[in-house]
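A structural walkthrough
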Amino acid sequence: MNEITMNDLIGLVPYAPIIAVVITVLVVMIAITIKRSHMVTGTITVVGLNIALVTLLGQMTGFIESGAIAPNAEQLFVIDNFAQFNMVIVLVCALACCTLSYAYLADLKDNKEELYLLMLLSTIGALLMVSAQHMASFFMSLEMLSVPLYGLLAYTYMRNRSLESGLKYLVLSATASATLLMGMAFIYAEVGSLAFKPISMVLGNIFESPLLILGAAMMMFGIAFKLSAAPFHMWTPDVYEGAPVPIATFLASVSKVAMMALAVRFLIDTSLLALPSVQMLLMVMATLSILVGNLLAVRQTSLKRLLGYSSIAHMGYVMIVIVSIGAAADSISSMYMAVYAFTSIGAFGVVTLMSSPYRLSGEADELTHYQGLFWRRPVLTAVMTIMMLSLAGIPLTAGFITKLFAILAAVQGTNWFLAAMIILGSAIGLFYYLRVLLTLFKRPKQFIEFDVSGQWGIRTGGIMVIAVTAIILFFGILPNSMIEWASLARIW
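These remarks concern the structure in this document. (Residues numbered from 1 in each chain as written. Predicted model: local features only at pLDDT ≥ 70, side-chain atom pairs only at ≥ 80, totals over all residues. Heavy atoms only, no water.)

Let us look at the state of the cysteines. Enumeration over the complete set of coordinates arrives at 0 disulfides. Just so you know, Cys-97 is unpaired, no disulfide at all, and the nearest cysteine sulfur is the one on Cys-93, 6.6 Å from it. Cys-98 carries a free sulfur, and the closest cysteine sulfur to it, the one in Cys-97, is 7.1 Å from it. (Disulfide = S-S within 2.5 Å.)

So, about the nonpolar core. Membership of the largest hydrophobic core comes to 172 residues, with the highest contact counts inside it found for Phe-138, Phe-266 and Leu-282. Counting residues per element, this core draws most heavily on helix H11 (residues 245-270), which supplies 18 residues. Beyond its immediate sequence surroundings of up to four residues, Phe-266 is in contact with Met-135, Phe-138, Ile-187, Phe-196, Met-219, Ile-223 and Leu-272. (Core = buried A, V, L, I, M, F, W, Y, C linked by side-chain atoms within 4.5 Å. Buried < 20%, exposed > 50% of the residue type's maximum accessible area, 1.4 Å probe, protein only. Helix = DSSP H or I, 4+ residues; strand = E, 2+ residues; numbered from the N terminus. Contact = heavy atoms within 4.5 Å.)

Mapped onto the elements of the fold, Ser-355 is located in helix H14 (residues 329-355). By relative accessible area, which is 1% here, Ser-355 ends up buried. Polar contacts involving the side chain of Ser-355 include one to the main-chain carbonyl oxygen of Val-351, which spans 2.6 Å. In this structure the side chain of Ser-355 is engaged in a polar contact, spanning 2.9 Å, whose partner is the backbone nitrogen of Ala-364. Discounting residues that sit within four places of it in the chain, Ser-355 has contacts with Tyr-104, Val-245, Glu-363, Ala-364 and Phe-450. (Polar contact = N/O pair within 3.5 Å; in protein donor to acceptor, adjacent residues only side chain to side chain.)

On to the packing of aromatic side chains, then. The full count for this structure, using the stated rule, is 14 aromatic pairs. These aromatic residues form a ring-pair network of at least three members: Tyr-150, Tyr-169, Phe-225 and Trp-235. (Phe/Tyr/Trp six-rings, centres within 6.5 Å; stacked < 30°, edge-to-face > 60°.)

Between two packed helices, both the angle of their axes relative to each other and the distance between the axes serve to describe the pair. At a minimum axis separation of 8 Å, helix H4 (residues 81-104) and helix H19 (residues 460-477) run at an interaxial angle of 145°. Once H4 is placed against H19, the crossing between them reads as left-handed. Residue-level inspection shows Ala-96, Thr-99 and Leu-100 of H4 in contact with H19, the latter providing Thr-460, Gly-461, Met-464 and Val-465. Here the contact of H4 with H19 is composed, by residue class, of 4 nonpolar, 3 polar and no charged. (Axes fitted to C-alpha atoms, helices over the stretch in contact; angles between N-to-C directions. Left-handed = near helix turned anticlockwise from the far one by under 90°. Nonpolar A, V, L, I, M, F, W, Y, C, P; charged D, E, K, R; others polar.)

None of this, on its own, says anything about what the molecule does.
Listed below in structure tokens is the structure:
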């Protein structure tokens, strides 16, 4: 048996934030075996994620030794600026989802502690995904993210919709993973390497290989499913609607950020974007996502389904960035996904606060539940208003800045049709986002089925939602710091 040397330990320093989350999982497991306590488990989870986040920020700013990883194309993982930027977003989003879950689960008549365990395991998968640069680490980290989600989506199994949500995601996600794996096999058969960068080195010799194109297409289908891009989007509204709200938040933020980061690294490192067939596939999926997502969202009366269809459209906008500027898409796509994730947390956070504590009767999902909210809860209405305006891309919100960069990317790549699609999609989106806002300011109903407590703003969930709103406004009014930070998120 080989002994662990000091050099081996030093080599693990760049992975310190991920190791911190792994240790948190072990501590939570031990705490649950000693004594079940929702408060203790939730506290350990939040403390562990905070330690990981502080360690990561310390490494990025130079206050904490980050070690050195020499660029090695054959490694399974790489911790570069791109990975660190996306890891920060993943950890912040995971913290927000754990915070929202605590109040939501207060009245659940079953074990609450395992939810934090599953969420931590899924977060580890997301952290590994953003730093994966090998087909093996691609698949393993993706499954580590996905498998705990099956249990998380069906966690409130007393509700039939939650059980249906978990089952649908399980069956369809397994199919997508099988397609992804088959695509990897075809590429490996043609290229002879599982690492991303070596694929780009031999791509010129087999540029028009049918096996390579088939493998790339199958991988794109699997990635599109995980991103809920059309035409692989059918699961999204159903799963969002049935899932417990904090888990729908997790799916909309952590899962999407990690998958998009992995997809961007895969496409850039392997140079598969140079294949005309892959470019055409991305353009078709982006166009369909924008049209399908926005047009189907128009007729939704469920807020969770509306946000689900909205996410389909936003994935289309990011795909346009990728196909338009290729290797330069890493920074803009990361910035777009960061803002989208924070905005989703804010919007779903309002739904969570309105729905909690857990009720068998359901959640504050229908738009009618929010009718006249302004007259009862003006601050909460302001939060939802800013989130809707940011998703619509209205000026003075961070969503406007990211959508502007998406249009500029399409123009830079001379893809005038795709630039027009962003503008058309935003125009359609404005209709249903404003419909939500109009509902908030209508005359209140006589019977109020769902409402937040009077002290919501001084509780952890409320403070977190207000903080996210402040971030969206700050970066919308003063975007320079966001743009400068995102410009550092480059793939080595």
